[in-house]
Amino acid sequence: MKKISLSLLAVAVAICSFAQHYEPNWKSLNTRGIPSWFQDAKFGIFIHWGVYSVPSYAPVIENSGYSYAEWYWYRIHEGNKYFKAFHDKTYGPGFPYQRFEEQFTASMFDPKQWADLFKKSGAKYVVLTSKHHEGYCLWNSAEADRDWGRPWNAVTGTPHRDLLGDLTNAVRADGLRMGYYYSLYEWFNPLWLTDKPKYVTEHMIPQFKDLVTKYKPSLIFSDGEWDLPDSLWHSPELLAWLFNDSPVAKDVVVNDRWGSNTREKNHGSMYSTSEYGSGMDANVVWEENRGIGHSYGYNRNEQVSDYKSSHDLILMLADIVSRGGNLLLDIGPTADGRIPVIMQQRLSDIGKWLDVNGEAIYGTRAWTHSYQWSAGKQPQKNDKSFMAGYDVSKLVTPKPGMAHIEYFFTTKGKDLYCIVPSYTAQVRINGLKTRGKTIAKVLGNNKSFLCKQKGNDCVIDLSSAKPGDIPSKLFVIKLANVL
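Scope of this entry: the structure provided in the associated data block.

What counts, and where the lines are drawn
- Residues numbered from 1 in each chain as written.
- Predicted model: local features only at pLDDT ≥ 70, side-chain atom pairs only at ≥ 80, totals over all residues.
- Heavy atoms only, no water.
- Disulfide = S-S within 2.5 Å.
- Buried < 20%, exposed > 50% of the residue type's maximum accessible area, 1.4 Å probe, protein only.
- Helix = DSSP H or I, 4+ residues; strand = E, 2+ residues; numbered from the N terminus.
- Arc of directions from axis to C-beta.
- Contact = heavy atoms within 4.5 Å.
- Polar contact = N/O pair within 3.5 Å; in protein donor to acceptor, adjacent residues only side chain to side chain.
- Pairing = 2+ DSSP bridges.
- Axes fitted to C-alpha atoms, helices over the stretch in contact; angles between N-to-C directions.
- Parallel < 35°, antiparallel > 145°, perpendicular 65-115°, else oblique.
- Nonpolar A, V, L, I, M, F, W, Y, C, P; charged D, E, K, R; others polar.
- Phe/Tyr/Trp six-rings, centres within 6.5 Å; stacked < 30°, edge-to-face > 60°.
- Lys NZ or Arg CZ within 6 Å of the ring centre and 35° of its normal.
- Right-handed = clockwise from strand over helix to strand, strands pointing away.
- Salt bridge = Lys/Arg side-chain N within 4 Å of Asp/Glu carboxyl O.

## Examining the state of the cysteines
Two cysteines joined by a covalent bond between their sulfur atoms form a disulfide. Under the criterion given, the structure shown has zero disulfides. Residue C458 stays outside any disulfide, its sulfur separated by 4.4 Å from that of C451, the closest cysteine. According to the relative accessible area criterion, C458 is buried, its value standing at 0%.

## Focus on helix α5 (residues 81–90)
Turning to α5, its buried residues number three or more, namely F83, F86 and H87. Down the axis, α5 shows its buried residues gathered within 95 degrees of arc, on one side only. Exposed side of α5, more than 90 degrees from the buried face: K81 and K89 are the residues found there. Here the buried face of α5 lies against α4 (72–78). A distance of 3.0 Å separates the backbone nitrogen of Y82 from a side-chain oxygen at the start of α5, and that oxygen is part of N80. Positive backbone phi, at 100 degrees, marks G92, one or two positions downstream of α5.

## Here's the deal with the sheet that holds strand β7 (residues 286–291)
Reading across the sheet, the eight strands line up as β5-β4-β3-β2-β1-β8-β7-β6 and stay open at both edges, with parallel pairing between neighbours. Edge positions in the open sheet fall to β5 (253–254) and β6 (272–275), since each of these has one partner strand only. Sheet topology note: the strand β2 (residues 125–131)/strand β3 (residues 177–183) ladder contains six bridges and is parallel. When the sheet's bridge partners are listed, K131 is paired in β3 with Y182. The strands touched by helix α8 (residues 163–173) are β1 (43–47), β2 and β3; relative to β3, the strand with the most contacts, the crossing angle is about 150 degrees.

## Describing the packing of helix α6 (residues 111–120) against helix α14 (residues 341–357)
It is the contact of α6 with α14, at a shortest axis distance of 8 Å, that shows an interaxial angle of 40 degrees. Taken together, the axis directions place α6 and α14 in an arrangement best described as oblique. When α6 is examined against α14, the residues Q113, L117, F118 and K120 are found in contact with a partner set consisting of Q344, L347, S348 and G351. Of the residues in the contact of α6 with α14, the class split is three nonpolar, four polar and one charged.

## As for the environment of S67
Checked against the element boundaries, S67 lands in the loop between β1 and α4. You can call S67 buried: its relative accessible area is 1%. C-alpha separation for the pair S67 and A375, spaced 308 residues apart in sequence, amounts to 37 Å. Residue contacts for S67: discarding those within four places in its chain leaves A58, P59, V60, I61, E62, H294, S295 and N299.

## Focus: the sheet that holds strand β11 (residues 415–422)
The antiparallel open sheet is built from eight strands, whose spatial order is β9-β10-β11-β16-β13-β14-β15-β12. Two strands lie at the open edges of the sheet, namely β9 (371–373) and β12 (426–429), each paired on one side alone. Adjacent strand axes in the sheet meet at a mean angle of 30 degrees when their direction is disregarded. Of the pairings in the sheet, the one linking strand β13 (residues 439–442) to strand β16 (residues 473–479) comprises three bridges and is antiparallel in character. Within β16, the position partnered with A440 by the bridge is L479. Here helix α13 (residues 310–322) sits on the sheet and contacts β9, β10 (405–412), β11 and β16; the angle it forms with β10, its principal contact strand, is near 55 degrees.

## Focus on the packing of aromatic side chains
Evaluation of the coordinates by the stated rule reveals 53 aromatic pairs. With a centroid separation of 4.5 Å and 10 degrees between ring planes, the pair formed by W73 and Y97 is classed as stacked. With W73 in helix α4 and Y97 in the loop between α5 and α6, this residue pair connects regions lying 24 residues apart in the sequence. Take W73 and Y97: they sit in the same class, and that class is buried. Taking the centre distance of 6.4 Å and the plane angle of 65 degrees together, the rings of Y407 and F409 count as edge-to-face. The pair formed by Y407 and F409 is uniform in burial state, with each residue classed as buried. The ring of F243 is capped by R32, whose NZ or CZ atom sits 4.0 Å from the centre of that ring. A cation sits over an aromatic face here: K124 above Y362, 4.5 Å from the ring centre.

## A word on the pairing of strand β8 (residues 326–331)
With six of its six residues buried, β8 lies for the most part within the structure. Burial of the side chains of β8 extends over both faces: N326, L328 and D330 are buried on one face and L327, L329 and I331 on the other. Note that β1 and β8 share five bridges and pair parallel. Its bridge partner being in β8, F43 is matched across the sheet by L327. Handedness of the crossover is the feature at issue here: the chain leaves β7, passes through α13, returns alongside β8, and the resulting connection is right-handed.

## Side note on the pattern of salt bridges
Any two side chains of opposite charge can pair if their charged atoms end up close together. One pass over the structure, following the stated rule, counts 21 salt bridges. Between R323 and D319 there is a salt bridge whose closest N-O contact spans 2.9 Å. A relative accessible area of 1% means that D319 is categorised as buried. Members of the salt-bridge network, linked through shared partners, are D223, E225, R257, R263 and E275.

Structural data, given as structure tokens:
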């Protein structure tokens, strides 16, 4: 009987495996779903690093794509007044962008130091720009050198090093997942400029498959898709290969940038992206990506005031996770491979907060409402997913006559977590009816606090706490088994 049962189990497994074959169309691909590790991870590190790290310049214009230093080549090519004035003054009007590659040395690059910092930050995954729109690859890509007609990758070029491979090994050694940003198009690739269909089939697709096969990413952040629809990128066919036959078929997570017609379509096989946006809600799987300042690539023009404080970055993380999203926070290393100290400090501070409060972040899901507003008129929210000018730090600040966010909420099983932006002696959660005796705990503190039911609301009295028991800002109250 046991042998028969085992045989039936083997047949069932074989049938299920066969059923997981995806056809190259969205109807089939969208049945795959998104591997759960992504929604559990909540916090990742984005890294923009390439030849653009040499000039490392952009004007500082808040809430504007012109602040992106990684777009330097494109901006000088189109004659943007800010970039062109800087370029002509600093390097000379005839200095070609390609020569910056000679100064992209990565001579100070220490992948273990980077990986240790990322682990210390509390991030669960890392996404490196394998290739940005400039086409320069951080691994040994034969397609890059062939179609550019010059060494245009980090192994055959100036660094003479597999930067992507070295960081991948270090990140995985620290127990984090590794993913790659990959630009489908390349601004000035000669083949792209002369024969786009040939570029797609003979450059992009084989290069993409080489990256995936060699380095086995857990995540792929596709970009640069907007010039062609998904059919001309052959995206359904490429994703069918990725989900069926690639070495990461069962584990890999992808975003929604696979054609001019694919963003924010909420495909069942991919997560939605918000870029310096206002984010989304828990009805979709989504991720907010942005820099600590206004740029992704390192921008030498940014000052201390252009960087978000550690407090505001932690607040941003709490806000995003309360709405069911992930935060992919970007750092921009220098051309010689150093992570600027101010960025290291920000990541370290986030990690210290997560050491105490990570229980309210990792593996959580959104509650029935993500946050609680005070009395007053609620401010209008811009729902754009790109350059929305959204700043949650302003929404938690009390203003006369206006409502502000009092608390953020996350859940895990039957437990409710209440993230409190600023200390208050009494926390009143509207519409939460507790069952019997409920005990509240502040994460990082062994003391218990009384909860009382007042009408439809749960009131938590924190007045018995002594100075130092509870942080003055951004602390977490856990209510176990209340849901």
